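# Architecture and fold: a report
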There are 6 protein chains.
Amino acid sequence: MMKKVLTFGEMMLRLKPSENKRILQSDSFEAAYGGAEANVSVSLSLQGDQAAYLTKFPSNLLGDSALGTLRKFGVDTHKILRGGPRLGIYFFEKGASVRGTNVVYDRAGSSFAMATAAEFDWDSLLADADYFYFSGITPAVSPELQQAVLTAVEYCQAHNITVVYDMNFRGKMWTPAEAQAFSEKVMPYVNVCLANDEDFEASLGIKAFDGDMAHGIDQKESFKAGMQEVVKRYPNCHTVASILRNIHSVEDSQWSALLLRDGQFYESSVYQLHVYEGVASGDAFGAGLLHGFLHGFDGQEQVDYAIAASVLKLTISGDLNLVSEPEIRSIMKNGGSAMNR
Amino acid sequence: MMKKVLTFGEMMLRLKPSENKRILQSDSFEAAYGGAEANVSVSLSLQGDQAAYLTKFPSNLLGDSALGTLRKFGVDTHKILRGGPRLGIYFFEKGASVRGTNVVYDRAGSSFAMATAAEFDWDSLLADADYFYFSGITPAVSPELQQAVLTAVEYCQAHNITVVYDMNFRGKMWTPAEAQAFSEKVMPYVNVCLANDEDFEASLGIKAFDGDMAHGIDQKESFKAGMQEVVKRYPNCHTVASILRNIHSVEDSQWSALLLRDGQFYESSVYQLHVYEGVASGDAFGAGLLHGFLHGFDGQEQVDYAIAASVLKLTISGDLNLVSEPEIRSIMKNGGSAMNR
Amino acid sequence: MMKKVLTFGEMMLRLKPSENKRILQSDSFEAAYGGAEANVSVSLSLQGDQAAYLTKFPSNLLGDSALGTLRKFGVDTHKILRGGPRLGIYFFEKGASVRGTNVVYDRAGSSFAMATAAEFDWDSLLADADYFYFSGITPAVSPELQQAVLTAVEYCQAHNITVVYDMNFRGKMWTPAEAQAFSEKVMPYVNVCLANDEDFEASLGIKAFDGDMAHGIDQKESFKAGMQEVVKRYPNCHTVASILRNIHSVEDSQWSALLLRDGQFYESSVYQLHVYEGVASGDAFGAGLLHGFLHGFDGQEQVDYAIAASVLKLTISGDLNLVSEPEIRSIMKNGGSAMNR
Amino acid sequence: MMKKVLTFGEMMLRLKPSENKRILQSDSFEAAYGGAEANVSVSLSLQGDQAAYLTKFPSNLLGDSALGTLRKFGVDTHKILRGGPRLGIYFFEKGASVRGTNVVYDRAGSSFAMATAAEFDWDSLLADADYFYFSGITPAVSPELQQAVLTAVEYCQAHNITVVYDMNFRGKMWTPAEAQAFSEKVMPYVNVCLANDEDFEASLGIKAFDGDMAHGIDQKESFKAGMQEVVKRYPNCHTVASILRNIHSVEDSQWSALLLRDGQFYESSVYQLHVYEGVASGDAFGAGLLHGFLHGFDGQEQVDYAIAASVLKLTISGDLNLVSEPEIRSIMKNGGSAMNR
Amino acid sequence: MMKKVLTFGEMMLRLKPSENKRILQSDSFEAAYGGAEANVSVSLSLQGDQAAYLTKFPSNLLGDSALGTLRKFGVDTHKILRGGPRLGIYFFEKGASVRGTNVVYDRAGSSFAMATAAEFDWDSLLADADYFYFSGITPAVSPELQQAVLTAVEYCQAHNITVVYDMNFRGKMWTPAEAQAFSEKVMPYVNVCLANDEDFEASLGIKAFDGDMAHGIDQKESFKAGMQEVVKRYPNCHTVASILRNIHSVEDSQWSALLLRDGQFYESSVYQLHVYEGVASGDAFGAGLLHGFLHGFDGQEQVDYAIAASVLKLTISGDLNLVSEPEIRSIMKNGGSAMNR
Amino acid sequence: MMKKVLTFGEMMLRLKPSENKRILQSDSFEAAYGGAEANVSVSLSLQGDQAAYLTKFPSNLLGDSALGTLRKFGVDTHKILRGGPRLGIYFFEKGASVRGTNVVYDRAGSSFAMATAAEFDWDSLLADADYFYFSGITPAVSPELQQAVLTAVEYCQAHNITVVYDMNFRGKMWTPAEAQAFSEKVMPYVNVCLANDEDFEASLGIKAFDGDMAHGIDQKESFKAGMQEVVKRYPNCHTVASILRNIHSVEDSQWSALLLRDGQFYESSVYQLHVYEGVASGDAFGAGLLHGFLHGFDGQEQVDYAIAASVLKLTISGDLNLVSEPEIRSIMKNGGSAMNR
């Protein structure tokens, strides 16, 4: 029987000025819906997996629209709570060259942010799940959601549900101290851990990366040491995965990935990329990794598949990685780019 | 010397699906900025008057954009406070035929809504004002803003600044009981009062209109009685103005206006209209009325000018009445519609 | 337990020049997906009902997109077949005033048109259905689909599934003689029949309407006679419903409805309408009628509800009637058009 | 053999704010190309006639684009001169309801405006023409173009080419005194004359219309008298045609036409119209009239055809009447508006 | 006298999601018209040459629009047949970085695909032609069109019309075996042959390229051998031309060209390019080559001009190479990119 | 007290085809307003400085729109003259790869171009200025404006106002001989001089650059010699600044800057850039330089800040550099490109 994944987090309305415009000069916004864990669910569904998403949406047209987006791409939305004041929003100013992409959050007071831990009945919500996925953004939203996550992972450990935690540190949402305090509580329950770039230090207090985004790949050995430190500290965590990047400008970067699984390292090749939109690629990577677990990939296939999924996301506009498994496999094979006609 | 107007309220980001679309089917939003009192300031400025606007905007790109919109049209923005959590938003689904226009507010927790009464230093803010204008939306936002308005109007009365209050009742923001409680406190300081349709009953507890929007103009005598009741109750209020409407559908309506000024009634003619966008016409009317005071119009000219400004707004997209005095006068003269080339 | 509806037909890509443009002058097309029976399913789903849709989509990105649209709005898409050459397309040139809306079909050779009767395994497809809905467009597509429909309705009669047939005559797809030949075969199995305007004559050979679209409502008695003739001829048909229209121009028309149910006539009031897009209102009417059956409305409530749903569709762009039951009921009560804020 | 028409005038770049926007609020313009005589040529070509257009375009990309537009719709562009400083531009702010459409000309100093009479070698240009068409806009552009027109019509009279003059008075381009002075010179050569509304008085000094655009049709007799005065004054002018309008608002008007041909009057029926864009309908009327001459219509068919072409233009965006003869005939027959599918 | 070119093939409606979107996420399509041989005709016309295009378009608005596009750019369209079921369509999903551009064909059953060989009366169609140009796409459409091409080239050989054949192998349309079978029949009549990349092997069975698109230029010697093999096999073929490419990603590639003419090789320089849209550059190259023949360029000028035309196409959106001869020459001289103001 | 800058020049309507389109294929234009000196004023205002702009705008809606743009971004517009025939326009075809950006001027006969020197009352206009800024475009517009500039700079020298002259040579507006003749007159009054690339030779007759835009940075020593020649010739000129570029294609270039201030050279680092829109970066550089003077930066900080401002402009669409001082400083520190969320 097909295994099932439940992801838990916040999906927001994303408003992006048209083309390359800045907010100051734009009189329209492209509207899309996204959020780390929702992105993972959509990716899985488009790759043929069974993925449910859990959040809380307001009972208004914005909540309906976010819900409709998930349904359109086949995500199971039956567990989603409705109610509360509003849908979170984020404004997305796409960067160019030396001007980095700029995110203006308007997520305070959202239905998800105001939800209490008690609203989530994990017995029922996790009843049919094989994997439970959340990112560090969810606990960063509120103390109640930290509690909700902790209750969920306890349930998972007791019921043999694999827990996947993507650190995904957001400096605009909480401090490293807060993130580390939470990680300390949750990591004993985590089986699979994703940490990129600054996540090691900010979310785990492990120094693996010197902070220079132009030279991530060059620090592979240091990342490996950090990954080993994670599994040493938290024996329940059998897998750690990281994307390594050399980011030269908004458009120009190199990407590769490392996977430490059951004590063995696997490395992907390095992609030289022209980035269309550098958002949500970590979520695409996480979904690729899960897809590998769901279908019994070995470690090398898993890391190769996950990084291929991730770099494909860099070519797509919006938070959702609108690609299929054959498209990902085509990148794995030939690096893509040929015209198909 | 040119007289000066200060208006006080909340300006929001308005997000409207493109063309006729519903939120559920739209993947972009037209972005504009509007709010009752801001609209009045912009109207006055475009008609050549000196108008300042007072609000509180967040210190982010959305706040900058709202501010830029006001400056573009010549409004004095130097008094505006900056800070606080966010810019209020409203989603605007334009109706058609039998489907009424639908507004989804997302204004809770805005910088203006979270402002305290103490932040507004009226001594300085009203130092150079001749008129102070606010609508019922401002006190509906929060008790602190009710207090701010009451402090302001006391100052006005003490310093001979004319107070203009547009009832503008919003059922999604407060109850009639709350509105009436506030009106009781503020009306003794009000010199000019605007009340349309349901405002009489909801905001003042005066029964002037039976609630049938298809037959507003037919109830002219009842409105007159209501207006007279206002000036009887509140002797400081020398002027009451109302728009009367027969609304047959979103596109099709008739508009006229009544003015009770210094004990005498003035009536405009009735316009038969094809409505492009039925929003903010009351603000356009209020601005037209103020323009009449600023330039010494007699009562008949004032009501004719104000209703012409108001019906022009029905032909313009967005909250702002982007017309000049000559354009308004051209409507007064010939009812418009001829091509000018 | 909630009753279930299965609708059967073709959903196409609809390409419409932007705004009011003609194909000759347009360098972009708005893309949407629609088709009579798909429209009915979406309407039902948005009104809270359980509706499944049956068609055949190609296994390409266009088929995926059509499928995603159905899923977005909650339609059960699990029965849909995949395969075949292409998705049907229709170009939609919206008319204005005296220029009628123009449809250019490009549906020949579609996956649905090339499907054989044998591909539809009705035992399984209708296993959980309480209602089976199709329009005259489906049998007009091909003889194989005529056969498929006939097989389906036989199954329905044998298994107590209500059969609903919306005549929906399309002169660009088949001749009256062909339509009537099919009707003769299918009508003995039909329980609910929808026929508007020319349908009576073209699809049934019953003269109920003189063809003057500007004077449909004026011929109410003649329509009633036609409806009675239907139930007399086909005793299994317990319900006949018709929309009656006076169409003065593309934008300006009057709409009302007649319902003959279990021997009794019910009439709606007449709506005076400004039409935004005059397409798929018959489907909205059909969905409203079904919703009435599903929820046990009496005849008067049913016809009032169905025509309100239908006229709401005239205010919406695209084939899909994106409205909820409360919105429909609001039209029934007050005729709509008030701004809600 | 098919008869040939040469039209002579200025085609400009037309820039229109998107949708309903005013210039002040628009950050994009729809670009199209139009001009009275160019519009006539395109209309004729789309109706199957042989029409050439004469103007002068600059040798730059704007000139190429205007030329390409004409070619796209089949107009013979071989006679067009190239060179000079710039392409004329006009900004088009579409009105709504009481707000009339506003035209901002930016045509001074254009290649056509700077052309000298000597540049037009009429011997060659008119060698194969059967009809020569110009509007009052052409001589209003410059004294040199007045001279060019006068030289051309002399050639026409000498070579049996029918001269058609559409008065088309533009108050923003010249004064009535200037227009009348020109008319006095040119009318002795004119065979067919079109005059609408104010044209009689402004361009000919004949009082036929009181200037109230809401009551043009009501003054039919006065128009008839004016038309008779024209043919009396100018015996070479065997045909006079006029559009009569009651314009109630930008969207709402009634249109009909009068034709005086060879001493007999013909009247069209009156159309009740919802106007999408009220520009260039006079040109569509002129083209319809010419089409009638080219194909030997009798007077009644000619006026019926021309007014049907004209009211169809009111449903089309842009200056060009993108309709075919069958579409025009369909309006003549049933007043249009039925959906064709 | 100016020489004349006739090109023969299929022009389709091209539908492209806006900006970078995938079909799954796009609610509009940019509409353009293109097809290999039509592209060649437009290129030639914009470079000042006389080019006619032969195809069959349906007698509907889509056919009219395709025709209008050709006319707009000056192509002689008088030979085009009208009739048949539909205009072919192709959906164009522009790739990015590692995601290759994706083409979804919807061209089956088009008017051109259903045309019979007998419909093309080559005596008349080729009467005034000096060059006859077709690509391998045309015979791939149907056996009837293979026959039509064979009949045409026989006529050409008999009447001294130069035959130009651009291999243009399309794996989605026919197999290498089918392509080679056709090539064997047609090559004895071909005078000028264009073959790029895989064409040598797929269409001619000559191994010149190992299939690695990242290393085309590096295999120059192998290409030269293949080109010599062509002229050896087919003595009537005096000219073979090839584009050689190193394609690193959708945006990033190097282009150069080889020409074997009358036994001598000519090589262009290598361009380092940022690709905006990598479609139809082969057609632009073919047009450049023809332009060289039409104007008597020597071999070096010809290959330099053709590759410059080709790389300019990479900077243009749509199938049509909207550039002039001076613009192409400016690239030849300085490699372009300076701002011109 | 904050120092004040007055800039003097022409602001035009800029019309750009949407996305990458050429004028020939575009049916809409993005509308923005820009001009070298206006751009400088907007930059300064967004960086918190007090900047006024002087020009002459027509008294129409286009003039109002240009004015509104300046006000939106905080520029003091009170000195601007109104009147005259028209607003200048320029069409902007954005290039790609080897195809350079193409500008089509339509600025002849503008209100600014027709202004006389006598209209500018410098006593009043410069009364409160500390810096006067103009580019070589202003005197290139007309001899009257040359005179106006010369009168202004005399006033400046007499009143201790710093004169800044950005050479900004435009070959489409005047010849090198004309530019040099003007420079000879104006340079004795200039205190700060900006000269890039060809400016040295074209505007000053100093050979500093060999014209190869792909190798500007490589000629640093030659530029230094040119800069020293300037201060030697014109002792009042204490500062000369230059941008040095290696431009490889429209998207790909390297930028750096040189500053000679009070006898000492300062060099910036070299930026490797992906250019979004390569226009108005010189103006952004000039504004950065002025900002440095206004805030007492030393030479190194000044050149670093100015080049950072300049390269940020390359990432922004439109003529206006919509960035703040913190954003510029962030580029100075880390070269930008990190996502901020």
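Computed from a predicted model, the values in this text were never measured in an experiment.

How each quantity is defined
- Residues numbered from 1 in each chain as written.
- Chains lettered and ligands numbered in written order.
- Predicted model: local features only at pLDDT ≥ 70, side-chain atom pairs only at ≥ 80, totals over all residues.
- Heavy atoms only, no water.
- Pairing = 2+ DSSP bridges.
- Helix = DSSP H or I, 4+ residues; strand = E, 2+ residues; numbered from the N terminus.
- Axes fitted to C-alpha atoms, helices over the stretch in contact; angles between N-to-C directions.
- Contact = heavy atoms within 4.5 Å.
- Polar contact = N/O pair within 3.5 Å; in protein donor to acceptor, adjacent residues only side chain to side chain.
- Least-squares fit on C-alpha atoms with pLDDT ≥ 70 in both.
- UniProt positions renumbered as here; feature names shortened; annotations may be inferred.
- Salt bridge = Lys/Arg side-chain N within 4 Å of Asp/Glu carboxyl O.
- Expected span 1.5 Å × (residues − 1).
- Buried < 20%, exposed > 50% of the residue type's maximum accessible area, 1.4 Å probe, protein only.
- Parallel < 35°, antiparallel > 145°, perpendicular 65-115°, else oblique.
- Left-handed = near helix turned anticlockwise from the far one by under 90°.
- Nonpolar A, V, L, I, M, F, W, Y, C, P; charged D, E, K, R; others polar.
- Buried area = accessible area lost by both parts, 1.4 Å probe.
- pLDDT = per-residue confidence, 0-100.
- Phe/Tyr/Trp six-rings, centres within 6.5 Å; stacked < 30°, edge-to-face > 60°.
- Lys NZ or Arg CZ within 6 Å of the ring centre and 35° of its normal.

### Observations regarding the sheet that holds strand β2 (residues 12-17) of chain B
Spatially, the eight strands line up as an open sheet ordered β8(A)-β7(A)-β2(A)-β3(A)-β3(B)-β2(B)-β7(B)-β8(B), and their pairing is mixed. The sheet is open, and its two edges are formed by β8 (102-106) of chain A together with β8 (102-106) of chain B, each paired on a single side. Each strand of the sheet is rotated relative to its neighbour by a mean of 30°, with strand direction disregarded. As paired strands, strand β2 (residues 12-17) of chain A and strand β3 (residues 28-34) of chain A are joined by six bridges and run antiparallel to one another. By the bridge assignment for β3 of chain A, L13 of chain A is matched with Y33 of chain A. Strand contacts of helix α2 (residues 61-72) of chain B: β7 (89-93) and β8 of chain A together with β2 and β3 (28-34) of chain B, with the helix running at about 60° to β3 of chain B, the strand carrying the most contacts.

### Focus: the side chain of T315 of chain F
Relative to the elements of secondary structure, T315 of chain F occurs in the loop between α10 (299-313) and α11 (325-334). Side-chain polar atoms of T315 of chain F contact the backbone oxygen of L312 of chain F, separated by 2.6 Å. When residues no more than four places from it in sequence are discounted, the contact partners of T315 of chain F are N20, A96, S97, V98 and R99 of chain A together with Y276 of chain F.

### Considering the sheet that holds strand β3 (residues 28-34) of chain D
Within the open sheet, the eight strands sit side by side as β8(D)-β7(D)-β2(D)-β3(D)-β3(F)-β2(F)-β7(F)-β8(F). Their pairing is mixed. Edge strands, defined here as strands with exactly one partner in the open sheet, are β8 (102-106) of chain D together with β8 (102-106) of chain F. Each adjacent strand pair in this sheet contributes to an overall mean axis angle of 30°, direction not counted. When strand β2 (residues 12-17) of chain D meets strand β7 (residues 89-93) of chain D, the two strands line up parallel, connected through three bridges. In the sheet register, R14 of chain D faces β7 of chain D, and the bridge partner there is Y90 of chain D.

### Regarding the relation of the copies chain B and chain C
Expressed as a screw transformation, the operator carrying chain B onto chain C has a rotation angle of 120° and an axial translation of 0.0 Å, and the superposed copies differ by an RMSD of 0.0 Å. The operation mapping one copy onto its partner corresponds to a three-fold rotation axis. Closest approach to the rotation axis within chain B is made by the C-alpha atom of E19 of chain B, at a distance of 4.7 Å. The two copies present different faces, since only 8% of the interface residues in chain B are matched by interface residues at the equivalent positions in chain C.

### Side note on the UniProt feature "domain: Carbohydrate kinase PfkB" (unreviewed entry) in chain A
The UniProt feature table records "domain: Carbohydrate kinase PfkB" (unreviewed entry) at residues 2-319 of chain A. Taken end to end, residues 2-319 of chain A has its terminal C-alpha atoms 26 Å apart, with 34% of it in helix and 24% in strand.

### A few points about the pattern of salt bridges
Throughout the structure, instances matching the rule amount to 117 salt bridges over all chains. R14 of chain E is the salt-bridge partner of D319 of chain E, the closest N and O atoms lying 3.1 Å from each other. One end of the pair, D319 of chain E, is in the loop between α10 (299-313) and α11 (325-334); the other, R14 of chain E, is in strand β2 (residues 12-17), with 305 residues separating them in the sequence. Members of the salt-bridge network, linked through shared partners, are R86 and D106 of chain A together with R86 and D106 of chain B.

### So, the relation of the copies chain C and chain D
The two copies are related by a screw operation: chain C maps onto chain D through 120° of rotation and 0.0 Å of translation along the axis, at an RMSD of 0.0 Å. The two copies present different faces, since only 8% of the interface residues in chain C are matched by interface residues at the equivalent positions in chain D.

### Considerations on helix α5 (residues 143-159) of chain E
All names here are of chain E. Between its terminal C-alpha atoms α5 stretches 24 Å, which fits the 24 Å expected from 17 residues at 1.5 Å a residue. Within α5, the full set of buried residues consists of L145, Q146, A148, V149, L150, A152, V153, Y155 and C156. Contact partners of the buried residues in α5: β1 (4-8), α3 (122-125), β9 (131-135), α4 (137-141), β10 (162-166) and α6 (176-186). Following α5 by one or two positions, N160 has its phi on the positive side, about 65°.

### Things to note about helix α2 (residues 61-72) of chain A
Residue and element names in this part refer to chain A. With twelve residues, α2 should cover 16 Å at 1.5 Å per step; its first-to-last C-alpha distance of 16 Å lies within 8% of that length. Summarising burial for α2: ten of the twelve residues are buried, a large majority. Taken as a whole, α2 has its buried residues at L61, L62, G63, S65, A66, L67, G68, T69, L70 and K72. Near the N-terminus of α2, the side chain that reaches the backbone nitrogen of L62, with its oxygen 3.0 Å away, is that of N60.

### As for the packing of α2 of chain B against helix α2 (residues 61-72) of chain F
At a minimum axis distance of 7 Å, the contact between α2 of chain B and α2 of chain F shows a crossing angle of 135°. By the angle class used here, α2 of chain B and α2 of chain F are oblique. The hand of the α2 of chain B/α2 of chain F crossing is right-handed. Residues G68, R71 and K72 of chain B of α2 of chain B form the contact with α2 of chain F, whose own contacting residues are G68, R71 and K72 of chain F. The residue inventory of the contact of α2 of chain B with α2 of chain F, partitioned by class, reads no nonpolar, two polar and four charged.

### What about the interface of chain C and chain D?
Listed per partner, the contact involves 26 residues of chain C and 24 residues of chain D. Of the roughly 2200 Å² buried between chain C and chain D on both sides combined, carbon and sulfur atoms contribute 54%. Among the residues chain C hides against chain D, the three largest losses belong to R22, L24 and V98 of chain C. Together they make up 27% of the total. Here chain C is connected to chain D by one salt bridge. For the salt bridge of E327 of chain D with R22 of chain C, the shortest nitrogen-to-oxygen distance reads 2.7 Å. Along the contact surface separating chain C from chain D lie seven residue pairs in polar contact (both at pLDDT 80 or more). In terms of residue count, strand β8 (residues 102-106) of chain C provides more of the side of chain C that touches chain D than any other element does, three residues in total.

### Some remarks on the confidence of the model for chain A
The predicted structure's coordinates, where accompanied by low pLDDT, should not be read in detail. Taken as a whole, chain A shows an average pLDDT of 96; of its residues, 98% reach a score of 70 or greater. Scored by ipTM, the complex comes to 0.94, with pTM at 0.96.

### Re the pairing of β3 of chain A
The element β3 of chain A is extensively covered by neighbouring structure, given that five of its seven residues are classed as buried. As paired strands, β3 of chain A and β3 of chain B are joined by three bridges and run antiparallel to one another. In the strand pairing of β3 of chain B, E30 of chain A is matched with S28 of chain B.

### Digging into unusual backbone geometry
One non-glycine residue, A280 of chain C, adopts positive backbone phi at about 70°. For A280 of chain C, a relative accessible area of 8% corresponds to the buried category. Look at D262 of chain E: it is not a glycine, yet its phi comes out positive at around 50°. Note that D262 of chain E resides in the loop between β13 (252-261) and β14 (264-267).

### Concerning the interface of chain B and chain C
The partner chain C presents 24 residues to the 26 residues of chain B that form the contact. At the surface where chain B touches chain C, the tally comes to one salt bridge. Put simply, chain B and chain C have seven residue pairs in polar contact (both at pLDDT 80 or more) between them. If one sorts the elements of the side of chain B that touches chain C by residue count, β8 of chain B sits on top with three residues. Here the residues of the side of chain B that touches chain C are counted per class, giving eight nonpolar, eleven polar and seven charged.

### Regarding the environment of G109 of chain B
Tracing the backbone through its elements, the reader meets G109 of chain B in the loop between β8 and α3 (122-125). C-alpha separation for the pair G109 of chain B and P85 of chain B, spaced 24 residues apart in sequence, amounts to 7.1 Å.

### Points about the environment of A179 of chain C
Residues and elements named next belong to chain C. Assignment of secondary structure puts A179 in helix α6 (residues 176-186). Given the relative accessible area of 1%, A179 is considered buried. Taking C-alpha positions, A179 is 30 Å from I316, a pair spaced 137 residues apart along the chain. Setting aside chain neighbours within four positions, we find A179 in contact with F169, W174, A202 and S203.

### Let's talk about the packing of aromatic side chains
Scanning the model with the defined rule gives 97 aromatic pairs over all chains in all. When the ring centre of F92 of chain B is taken as origin, the NZ or CZ atom of R14 of chain B, which lies over that ring, is 4.1 Å away. Positioned over the ring face of F265 of chain E is K224 of chain E, at 5.2 Å from the centre of the ring.

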